Amino acid sequence: MLGEFLNAVSAVFVIFSLMAVGFLLGKRKIMTATEKKFVSRYVINVAVPLNTIVGIQNHLKRDDMFEMGYLLLVPLLTILICLAVSALVAIALKLPKKRRGVFVALAFLSNTLFIGLPMALELFGEVSMPYVMLYYMCSTVFTQTVALMLVERSGEAAAGKKASVLRSLLTKPPILGIFAAYALLFADVRLPSTLMSFMGYISATVTPLALFYCGFVIFELGKKSLRIERGIPALLVLRLLFAPLVSVLVTRMLGVTGLPQKVFLIEAALPAVSQITVMAGAYEADEQYAAIGSVLTTLGIFITVPVLMVLF
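Procedures and definitions
- Residues numbered from 1 in each chain as written.
- Predicted model: local features only at pLDDT ≥ 70, side-chain atom pairs only at ≥ 80, totals over all residues.
- Heavy atoms only, no water.
- Helix = DSSP H or I, 4+ residues; strand = E, 2+ residues; numbered from the N terminus.
- Rg over C-alpha atoms; globule rule 2.2 N^0.38 Å.
- Buried < 20%, exposed > 50% of the residue type's maximum accessible area, 1.4 Å probe, protein only.
- Contact = heavy atoms within 4.5 Å.
- Lys, Arg positive; Asp, Glu negative; His and termini not counted.
- Charge placed at Lys NZ, Arg CZ, Asp CG, Glu CD.
- Patch = residues over 30% accessible without salt bridge, like charges linked within 9 Å, V, L, I, M, F, W, Y side chains within 5 Å.
- Areas by Shrake-Rupley, 256 points an atom, 1.4 Å probe, with all protein chains shown as cover.
- Salt bridge = Lys/Arg side-chain N within 4 Å of Asp/Glu carboxyl O.

A count of helices and strands for the chain gives 15 helices and zero strands. Against the 2.2 N^0.38 benchmark of 20 Å for 312 residues, the chain shows a C-alpha radius of gyration of 19 Å, consistent with a compact globule. With respect to the three principal axes, the spread of C-alpha positions in the chain is 55 × 45 × 45 Å. The burial tally for the chain puts 52% of its 312 residues in the buried class. Considering only intrachain contacts with a sequence separation of at least 6, the fraction spanning at least 24 residues in the chain is 89%. The averaged location of the 16 negative side-chain charges in the chain is 8 Å from the averaged location of its 26 positive side-chain charges.

This next bit is on a nonpolar patch on the surface. Side chains of F5, L6, F13, L245, L249, F302, I303, V307, L311 and F312 sit close together on the surface and give an oily, nonpolar patch of about 970 Å² of accessible area. Elements represented by at least two residues in the nonpolar patch include exactly α1 (2-27), α12 (232-254) and α15 (287-311). One can find I303 in helix α15.

Turning next to the pattern of salt bridges. What the rule picks out here adds up to three salt bridges. Between R99 and E229 there is a salt bridge, with its nearest N and O atoms 3.6 Å apart. Placement of the pair is R99 in helix α5 (residues 97-108) and E229 in the loop between α11 (206-221) and α12, with a sequence separation of 130 residues. The salt bridge partner of R99 is D286, with a shortest N-O separation of 2.8 Å. Here R99 is found in helix α5, whereas its partner D286 is found in the loop between α14 (275-282) and α15, with 187 residues between them in sequence. By the burial criterion, R99 is buried, and D286 matches it.

Right, dumping it as structure tokens:
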């Protein structure tokens, strides 16, 4: 038990150390908004898709596909339950219109890409990649549909032209990377070692760059994002304690054990999606409230993740 706790503390410490580098890069003006945009686009459009293919090629066989389809139920049910409970809590708190949808979006979804992927790799290694990407695939669908709608309804800006949700999802490189990885798996195609080596080098850049990005975002938001506003304590409980508890119950109900259960637990226990802050600004919802929730849930995992790893 002590070993699990120390391993989790070590993993979280590494995560925060890398985020601190991003913070310092911002403070020293080595990283600016221009570099931030590049890092975000590179990680999402290049590194993550290749990371997905490498992880699935290295750790799954064709016979595993049926199990993976069944495992998709875990993130789906976890997210749906968290969505329903978060919406009820927002109503009970009587939050103002500009905060209500933002609160729900922050509470029911976790940051499975920029923090979840590095966290799982640090805790469990590359073998966790297939399960991380299952959770990410489910999470990003809800982010681009339900979360977007919730934030838009909280905002005061006109929505403008709306692109097809299906088209938007199916043109995202991480989603295309997941489809490509599973298509290769289904066809039982193994890529040449030279190509795998090339993709492996790019794949290795995901963790540091994603965390530099998160650290820079915290630098941008500054001290103003550390205030405790109305509803924030409830948000912390929902995101960091309730969501992983739901994940544990769902995995036990479905008979999911071992590494998949641990990965899904960690993915459910992550901070709020940082993209919600961007959405809130775009639709003139409460952007500052979104920033506070994003930063405080990120800081909170330093305490909750090690404890959860020991308990479950």
